Amino acid sequence: MRIELVKRPQQSVLFSVLSPFIALALTLIAGALLFLLLGKDPVNTLYVFFIEPLRETWSLHELAVKAAPLILIAIGLSVCFLSNNWNIGAEGQFIIGAMAGSILPVMFPDFQSWIVLPLMLLMGIAGGAAYAAVPAVLKVRFNTNEILTSLMLVYVAQLFLDWMVRGPWRNPEGFNFPETRSFHEYAILPEIWSASGRAHWGFIFGLVAALALWFMMTKTLRGFEIKVLGQSPRAGRFAGFSQGRIVFFAFLLSGALAGLAGLSEVSGAIGQLRPVISPGYGFTAIIVAFLGRLNPLGVVAAGLVLALTYLGGEAAQISVGLSDKVVRVFQGMILFFVLAGDTFIHYRIRFVSAPAAAAGEASRANV
Amino acid sequence: MPLLEARGLTKIFGTLRACDHIDLKIGRGEIHALLGENGAGKSTLVKMLFGALEPTEGSILWKGEQVAVSSPREARRIGIGMVFQHFCLFDALTASENILVSLDDPAPAGAVTARARDISKAYGLPVDPNAHVGDLSVGERQRIEIIRCLLQNPELIILDEPTSVLTPQEADRLFEALEKLKEEGRSILYISHRLEEVKRICDRATVLRQGKVVSECDPRKETASSLARMMVGNEVQPVVRDKPAVQSEALLEVRDLDRKAGHPFAVALSGINLSVRAGEILGVAGVAGNGQGELFEAVSGEALQERADQVRIRGKDAGRRDISERRLMGAAFVPEERLGHAAAPAMTLSQNLLLSRYRTDARAFLNRLGMIRNSLIAHAAQRVSSAMDVRKGVEDPEASALSGGNLQKFVIGRELDRQPLVMVVNQPTWGVDAGAAARIRQALIDLAKSGSAVLVISQDLDELFEICDAIAVMHGGRLSAPIPIGDATYEKIGLLMGGAEPGHAAVSQAEAV
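Worth saying up front: this structure is predicted, and the values here are computed from it rather than measured.

**A few points about the overall build of chain B**
(1) Moving on: The secondary structure content of chain B amounts to 18 helices and 21 strands.
(2) Moving on: The globule rule puts the C-alpha radius of gyration for 513 residues at 24 Å, and the 24 Å found for chain B is close to it.
(3) Moving on: Seen along its three principal axes, the alpha-carbon backbone of chain B occupies a region of about 65 × 55 × 45 Å.
(4) Moving on: A buried classification covers 56% of the 513 residues belonging to chain B.
(5) Moving on: Across chain B, contacts joining residues at least 24 apart in sequence account for 66% of those joining residues at least 6 apart.
(6) Moving on: Carbon and sulfur atoms make up 50% of the accessible area of chain B, which totals about 21200 Å².
(7) Moving on: Across chain B, the 61 positively charged side chains and the 68 negatively charged ones have centroids separated by 4 Å.

This is the structure:
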C-alpha cells in the first residue's frame, strides 16, 4: 500500500482559521503522552506547564518579557516570508543588534545622558539590519541561497559575542566573569509598570510594530508589492516591481526588528551582555510567524503562546523535575502540527492499495 | 458497440455544473471532435475520461463494460492515452530520456528507444532521440508527447488543441499521422476550436455548451458558421475591419534590437526592426520558441535595452525605461502566459487590475498616503468585466478561478480600459474559445481604429490574417520585413516560419507554384 498526497481543488477557509488551534490541541495531547512515558502525572505536569504561569501578576509580566522578543522578530519574519525570502538568521541579527546597541554603555560608560537610550535603540536597529543585509546582498548579487547564508551567520554572531564578552568587552571590575559591565541607569529600557513586575517597553514596541506592519500589508501599495512578488515573481516583474529591491526591504526590515528585539532584551531584561543572551528566540520566532499565519496581528497571539512554553518549561524543571530540553520538544511539536495542518488544508491523503491496482490489471485481461 | 461511451456524466464544483449529464459515444476507428467554448466543460469532461477528475454522477463504459477510471495511470492501463495542450517535458533531457522517465513501469532503455524509433518511423513523426528537448521546436516536442502516448499502445487517444502551436505545414504532417492511426482502428478524441480543421479531419463531432451536449453531428455536413453557432448559441459576430489609415506617425518603433540569450533555452534576438503607425495593426507570426517571448520582454521593458533608441514609444526613446515608465508613456502590454505572468493566480480580479495600473492610475487608485482605494478599484474591475463580458461565479473571484478565455478577456480589457496609444499583445487568443476570441480581436481592431498602434504576436495565422494590416515573421530570433496583408498568403508566411530568408528564392518559388 502506498500513501499519496493529492492537491485539493479549493482550500477550506474554516480549517485555515481553525488549524492553529487544532495544532495546539494536538500538541497538548502529544505532550500528555510524553509526560506519561516519562513517568510523570500528565494532568499535573500540563497544569504546571501551561496554567500556573498565568495565575500571578508577576508571572504575567514574565510572559510579556519572553513574548516581546518573539513578537518583534516574528513580525519582521512574517513579512519577509510573505515576500518569499527565507531569513532563518534572526537569531544572529538579534545578537548583533544587541551588541551594536551595547557599544555606548560598555565602551563609553561615562557618557551618561538621556540621549543614550534612544541612540542605543537606533544602533540596535541599524546593527540588526546591517547584519541581515549580508545574506540579501549575497542573494541579489550572487544568487546564493539565503536560507544557508543567513543560518550560517547565526553561528558567526554567537561566537563573536562569546569572544567579545570573554575578551575585549569583559568587565574590568567583574572578577574575570565572562560578562560586560552592567548598563548604567540611562542605558536601561524602563519597565512599563514597575510597581507590579518586570515587563519592559520591548513589549510595547512589539505591539506598535504589529499594528504598523498589519497596516502596511493590508492597506498600502508596498504590502501589495510584497505579496505579489512573494506569490508570483513573474507577475511582479510584469507589474514593474523590483525583485532585488524587495529582497533588501524584507531582509533589512526583519533584521532591524530582530536587532531592536536584541537591544530591548539586553537593555530591558538582562542589563548587560553575557556569552548567551537568547534561549533561541530567533529560531522560535519562525514558529511564532507560522503559528500566527504570517499575519502581524496573529503573530502577537502566537508570540504569547510560545512565550508560555518558555515559562512553563522553567516551572516544570523546578517543580516536576523535567529536563530543560522539554521546551524545545514542545516548540518542535507545535511547529510540526501547524505545518501538518497546513499540508492537510492544501492536500488530502489517498491510500493507493496494491490489490486495487491488481484488480485493474485483471479487468483489462478480461476484455 | 462503441469503444467508449459516457452516460449521464456529471461533475459539480460547488454550485457550478461544469458537466451536466453528458452522453458521448466514440466508435472504433473514428476521429471524434469535441467542440465548445472555453468554460463549456470540455476540459472537465476529458479529465473525467482520463481519470484526473472523479465524476459526481454517471458512468463510463469501455467496450461495453462499466469501468471506474480512478487515475490517469488506470486510464493508460485500459488503453486511453492523452496528449496535453501544455507539454510536460524536461528541457534539459534528451527526447529518449524524456520518454523513459515518463513510463509507468520501468523498462530497459534500449528496448524503449528502439520501439520509440519504430513508432516515429511508422507514423511519420520524425524526432532525433538524442536531441535535447530545449533545442527542439514546438512541433517536435509535440511529436515526443505523441510517441510517448503511443508507446502505451492506446486504443483511444485524446488530443487537446494539438494544432494551436504548429505551422500549417507541421499541422498537415500531424493530420497524416492521425489518419494512419485511424486506419489501424484506433480512435481519436480531438479537442479543437479551429472549425475548418475539424471539418477536414473529423468523422463525428459532439458540441458542448454550458456543460451540456447541444448537438452531435457530422462536421463535414456542417459549415464553419453553423458549428460556431452551435457552440456559442448565436451567430459569432464576424470581425469588421476598415481600410488602414494612410501615412500616419509611428507610435512604436524598434531599431536594430539585439539581445543575448539570458539562459541556455532562451533565443537571442538579432537586428530586429519594426515600426507600427497610429491606426495600424502589425502582426508577428512564427512558431513558438523563435524569440517571440524575448521580443515581448524587450518591447515591454521587462528587459531593458542597451541603447535608449532601440525602442521608441510615441517618438521618444524608451529603451532604458522600465515597464512602469513605458506604461506612463502610453503603452500597454499583455503577455502570453495569463496565470503567473499577466495575473497573479491567487489574487482577486481587482487586485490584478491594480497589478498593471498602480502607476498609470495612481491618482485614482491610491490616496495621498499611498493607501489602496479598494472600492474604486473593485468598481473599475467591474467596468472591465462588463465591457469584455467576463463571466464569473462571484463578484470578485481569484484569477485562477476563471476559465482561460474569461481571464484573457479580463487581462486584455484591463489594458483597453486605459485607452492606450500603443498596445503590445503576445498570443491574444491562445486557447481561447471562438466567442471570446472574436470579442478580443474586435476590441483590438476598434482600438486601432481609434488611432492606437497595435502589435500582435501570435502563432495563430488565421487570427493574424483576420485582423492585421501587415505581417512580419519571426524565425530564430530574426524578424522578416513586414508583408502587407494584400500580398500575404499562407504559403509565403508558412515558408518564412519554417526559416526561409525574407525575399529569398524559396518565397518567390512558392509564389510561382
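**Overview of the interface of chain A and chain B**
(1) Moving on: Contact with chain A, which involves 22 residues of that partner, is made by 31 residues of chain B.
(2) Moving on: Carbon and sulfur atoms supply 59% of the area that chain A and chain B bury against each other, a total of about 2500 Å² over both sides.
(3) Moving on: The tally of links between chain A and chain B comes to two salt bridges.
(4) Moving on: The partner of glutamate 297 of chain B in a salt bridge is arginine 237 of chain A, and the shortest N-O contact between them spans 3.2 Å.
(5) Moving on: Counting the contacts that link chain A with chain B gives nine residue pairs in polar contact (both at pLDDT 80 or more).
(6) Moving on: Partitioned by chemical class, the residues of the side of chain A that touches chain B number ten nonpolar, five polar and seven charged.

**Focus on the domain arrangement of chain B**
(1) Moving on: In terms of domain boundaries, chain B breaks down into domain 1 (4-232), domain 2 (246-330 + 421-513) and domain 3 (338-419).
(2) Moving on: A separation of 34 Å is found between the C-alpha centroids of domain 1 of chain B and domain 3 of chain B.

**Concerning the packing of helix α13 (residues 374-387) of chain B against helix α14 (residues 404-416) of chain B**
Residue and element names in this part refer to chain B.
(1) Moving on: Between α13 and α14, whose axes approach to 9 Å, the crossing angle comes to 115°. As judged from the angle between their axes, α13 and α14 are roughly perpendicular. Crossing handedness for the pair α13 and α14: right-handed. For the pair α13 and α14, the contacting residues are Ala381, Val384 and Ser385 in the first and Phe410, Gly413 and Arg414 in the second.

**With respect to the sheet that holds strand β10 (residues 212-217) of chain B**
Residue and element names in this part refer to chain B.
(1) Moving on: Taking strand neighbours across the sheet as the criterion, the six strands line up as β6-β7-β8-β3-β9-β10 in an open arrangement whose pairing is mixed. Because the sheet does not close on itself, it has two edges, and the strands there are β6 (80-83) and β10. Along the sheet, successive strands turn relative to each other by an average axial angle of 20°, direction set aside.
(2) Moving on: Across four bridges, β6 lies against strand β7 (residues 156-160) in parallel orientation. Residue pairing in the sheet places isoleucine 80 in a bridge with leucine 156 of β7.
(3) Moving on: On top of the sheet, helix α1 (residues 42-49) reaches β3 (31-36), β6, β7, β8 (187-191) and β9 (204-209); it is set at about 140° to β3, its chief contact.
(4) Moving on: Packing against the sheet, helix α6 (residues 168-183) makes contact with β3, β7 and β8, and its axis sits at approximately 145° to β8.

**Let's talk about the packing of helix α8 (residues 221-231) of chain A against helix α10 (residues 243-270) of chain A**
Between two packed helices, the angle of one axis relative to the other and the distance separating the axes together describe the packing.
Residues and elements named next belong to chain A.
(1) Moving on: Direction vectors running N to C along α8 and α10 enclose 110°, while the axes themselves pass 11 Å from each other. Classed by the angle they form, the pair α8 and α10 counts as roughly perpendicular. Where α8 abuts α10, its residues Arg222, Glu225, Ile226 and Leu229 lie against Gln243, Arg245, Ile246 and Phe249.
(2) Moving on: Each residue belonging to the contact of α8 with α10 can be placed in one class, and the counts come to four nonpolar, one polar and three charged.

**Considering the confidence of the model for chain B**
All names here are of chain B.
(1) Moving on: Taken over all residues, the pLDDT of chain B has a mean of 86, while the share at 70 or more is 94%.
(2) Moving on: Every residue in residues 503-513 scores below 50 in pLDDT, and together they form eight contacts with partners more than four places removed in sequence or on other chains.
(3) Moving on: Predicted complex metrics record ipTM = 0.83 and pTM = 0.77.

**What to know about empty space enclosed by the protein**
Rolled over the atoms, a probe with the dimensions of a water molecule shows which regions are left empty.
All names here are of chain B.
(1) Moving on: A complete count under the given rule lists three cavities of 30 Å³ or more for this structure.
(2) Moving on: As a volume, the largest cavity reaches approximately 90 Å³.
(3) Moving on: Here the lining of the largest cavity spans two domains, since at least three of its residues come from each of domain 1 (4-232) and domain 2 (246-330 + 421-513).
(4) Moving on: Considered as a void within the structure, the second largest cavity measures approximately 60 Å³ in volume.
(5) Moving on: Sorting the residues of the lining of the second largest cavity by element identifies α5 (138-150) and α6 as the ones contributing at least two each.
(6) Moving on: Here the residues of the lining of the second largest cavity are counted per class, giving four nonpolar, two polar and three charged.

**As for the packing of aromatic side chains**
(1) Moving on: This model, assessed by the stated rule, comprises 17 aromatic pairs over all chains.
(2) Moving on: Taking 5.0 Å as the distance between ring centres and 40° as the angle between the ring planes, the aromatic pair formed by phenylalanine 49 of chain A and phenylalanine 50 of chain A counts as tilted. Side by side, phenylalanine 49 of chain A and phenylalanine 50 of chain A carry an identical accessibility label, which is buried.
(3) Moving on: Ring geometry for phenylalanine 296 of chain B and phenylalanine 333 of chain B: centres 6.4 Å apart, planes at 90°, overall edge-to-face. With phenylalanine 296 of chain B in helix α9 (residues 292-300) and phenylalanine 333 of chain B in strand β16 (residues 331-334), this residue pair connects regions lying 37 residues apart in the sequence.
(4) Moving on: The class of phenylalanine 296 of chain B is buried, set by a relative accessible area of 2%.
(5) Moving on: Over the ring of phenylalanine 249 of chain A we find arginine 222 of chain A, and its NZ or CZ is 4.6 Å from the ring centre.
(6) Moving on: Lying across the ring of phenylalanine 238 of chain A, arginine 327 of chain B places its NZ or CZ 4.7 Å from the centre.

Parameters at a glance
Think of each chain on its own: its residues are numbered from 1, step by step along the sequence as written. Whichever chain is written first is A, and whichever ligand is written first is 1; the rest continue in order. Local features in this predicted model are restricted to residues of pLDDT 70 or higher, and side-chain atom pairs are both shown and tallied only at a pLDDT of 80 or more, whereas totals for entire chains, interfaces and linings draw on every residue. Values shown for side chains rest on all heavy atoms present in the structure; no hydrogens or waters enter the calculation. Counting from the N terminus, the helices are DSSP H or I runs at least four residues long and the strands are E runs at least two residues long. Only C-alpha atoms enter the radius of gyration; for comparison, a globular chain is expected to reach 2.2 Å times N to the power 0.38, where N is the number of residues. Accessible area is worked out with a 1.4 Å probe on protein chains only. A residue is then buried under 20% of its type maximum, exposed over 50%, and partly exposed in between. The contact rule is simple, with two residues in contact once any of their heavy atoms fall within 4.5 Å. In these tables, accessible area is a Shrake-Rupley quantity obtained with a 1.4 Å probe, and a residue counts as shielded only by the protein chains included in the view. Neither His nor the chain ends contribute to the count of charged residues, in which Lys and Arg are positive and Asp and Glu negative. Each charge is placed at NZ for Lys, CZ for Arg, CG for Asp and CD for Glu. Throughout, buried area stands for the accessible area (probe radius 1.4 Å) lost by two parts on being put together, summed over both. Here a salt bridge means any side-chain nitrogen of Lys or Arg lying within 4 Å of a carboxyl oxygen belonging to Asp or Glu. We call two N or O atoms a polar contact when they sit within 3.5 Å, provided that within protein one can donate a hydrogen and the other can accept it, with sequence-adjacent residues counted only if both atoms are side-chain atoms. Under the grouping applied here, Gly and all other residues not named as nonpolar or charged are polar, the nonpolar ones being Ala, Val, Leu, Ile, Met, Phe, Trp, Tyr, Cys and Pro and the charged ones Asp, Glu, Lys and Arg. Segmentation into domains, and thus their bounds, comes from an automatic or database assignment. Comment: axis = line fitted to C-alpha atoms, over the contacting stretch for helices; angle = value between 0 and 180 degrees taken between N-to-C directions. Roughly parallel means an angle under 35 degrees; roughly antiparallel, over 145; roughly perpendicular, 65 to 115; everything else is oblique. If you view the pair so one helix is near and one far, a crossing is left-handed when the near helix is turned anticlockwise from the far one by less than a right angle, and right-handed when it is turned clockwise. Pairs of strands are assigned from DSSP output, requiring at least two bridges between the strands. What pLDDT reports is the predictor's confidence in each residue, on a scale of 0 through 100. Both site types are read off a 1 Å grid over the protein atoms alone. A 1.4 Å probe that fits but cannot get out defines a cavity, while an open set with protein on both sides within 12 Å along at least five of seven lines defines a pocket; lining residues have an atom within 4 Å of a point. Grid points are joined across faces, edges and corners, and a volume is the space filled by probe spheres set on the points. Here a pair means two rings of Phe, Tyr or Trp (six-membered ring of Trp) with centres within 6.5 Å. Their orientation is stacked below 30 degrees between planes, edge-to-face above 60, and tilted elsewhere. Geometrically, a lysine NZ or arginine CZ counts as sitting over a ring once it is within 6 Å of the ring centre and also within 35 degrees of the ring normal.

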